[in-house]
Amino acid sequence: MKYIVYTLILLFTVACNTQDSISGDDYFDDEEYVKAIDAYTSYLATHPDHVKSLYNRGRSYEEVGKTEEAIKDFEAIIDLDPKNINAYLSLAKISYNTKEYSKVLVYSGAAIDLNENMAQAHFLAGRAEHQLGYFDQAMESYNNAIAINRDFGEAYLYRGAVKVGKEQFSSACEDFRFAKSLDVPEADKAIKDYCK
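This write-up is about the structure you can find in this document.

What counts as what
- Residues numbered from 1 in each chain as written.
- Predicted model: local features only at pLDDT ≥ 70, side-chain atom pairs only at ≥ 80, totals over all residues.
- Heavy atoms only, no water.
- Helix = DSSP H or I, 4+ residues; strand = E, 2+ residues; numbered from the N terminus.
- Buried < 20%, exposed > 50% of the residue type's maximum accessible area, 1.4 Å probe, protein only.
- Contact = heavy atoms within 4.5 Å.
- Areas by Shrake-Rupley, 256 points an atom, 1.4 Å probe, with all protein chains shown as cover.
- Lys, Arg positive; Asp, Glu negative; His and termini not counted.
- Salt bridge = Lys/Arg side-chain N within 4 Å of Asp/Glu carboxyl O.
- Patch = residues over 30% accessible without salt bridge, like charges linked within 9 Å, V, L, I, M, F, W, Y side chains within 5 Å.
- Charge placed at Lys NZ, Arg CZ, Asp CG, Glu CD.
- Axes fitted to C-alpha atoms, helices over the stretch in contact; angles between N-to-C directions.
- Parallel < 35°, antiparallel > 145°, perpendicular 65-115°, else oblique.
- Left-handed = near helix turned anticlockwise from the far one by under 90°.

1. Let's talk about the overall build of the chain
Phase 1 of the analysis: Each helix and strand counted, the chain has 11 helices and 0 strands in total.
Phase 2 of the analysis: Helices and strands in the chain line up, N terminus first, as α-α-α-α-α-α-α-α-α-α-α.
Phase 3 of the analysis: Out of the 196 residues in the chain, the part that is buried amounts to 42%.
Phase 4 of the analysis: Long-range pairs, those at least 24 residues apart, make up 41% of the contacts in the chain between residues at least 6 apart in sequence.
Phase 5 of the analysis: For the chain, the exposed surface amounts to about 11,300 Å²; the carbon and sulfur share of it is 51%.

Below, the structure is given as structure tokens:
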């Protein structure tokens, strides 16, 4: 009898914990990030190594402005799975937003080392290099992002900005127009400012 009761309790606990993960996913998908954080935290209390829940909780923390908590979750993922490209990209984005451009290069570089065909990683590296004044490297990174994804509008926009700095206005305007055709909102202003 004790065995049956213990089994029922165990099954109920597993079912509730699984439900927390599923609920977290539903809340995350519905952009109810505070509820998602609560559900994932409950699930992670008994499944601390569940990478998807850690990642989605980290993304939820980002959405509610809790950057430090997000960083902890993404770093925990890398400890569990050193080849998790999404965690590196998330850390690169956070580092860019906090103006820690050297860290962006470290995290985007790690993602590129794992998969050199990650357009987003090349783009983030380019943005950091651009901010640091490494214009030739930024141009190369934007070129790489575009070579991988021909529809990467922001890469065209910022490559155009580098070209403006190099006084290559005709080529810059081509990039701005292509960015506009890809629905990049900032492209209109760039065209008005630099293209006749």
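2. Remarks on unusual backbone geometry
Phase 1 of the analysis: Even without being glycine, Glu31 reaches a positive phi, approximately 60°.
Phase 2 of the analysis: Examined against the element boundaries, Glu31 turns out to sit in the loop between α1 (2–29) and α2 (33–46).

3. Observations concerning the side chain of Glu129
Phase 1 of the analysis: Turning to its location among the elements, Glu129 is positioned in helix α7 (residues 119–132).
Phase 2 of the analysis: Although Glu129 is buried, it forms no salt bridge, and the closest oppositely charged side chain is Arg127 at an N-O distance of 10.0 Å.
Phase 3 of the analysis: Apart from the residues lying within four places of it in its own chain, the contact partners of Glu129 are Leu105, Tyr134, Gln137, Ala138 and Ser141.

4. Here we look at a negative patch on the surface
Phase 1 of the analysis: Together, Asp26, Asp29, Asp30 and Glu31 line one region of the surface with negative charge.
Phase 2 of the analysis: By the secondary structure assignment, Asp30 is in the loop between α1 and α2.
Phase 3 of the analysis: Overall, the relative accessible area of 51% leaves Asp30 in the exposed class.

5. A look at the packing of helix α4 (residues 67–80) against helix α5 (residues 85–97)
Phase 1 of the analysis: At a minimum axis separation of 9 Å, α4 and α5 run at an interaxial angle of 150°. In terms of their interaxial angle, α4 and α5 are classed as roughly antiparallel. Crossing hand, α4 versus α5: left-handed. Every residue of α5 that contacts α4 at Thr67, Ala70, Ile71, Phe74, Glu75, Ile77 and Ile78 is listed here: Ala87, Tyr88, Ser90, Leu91 and Ile94.

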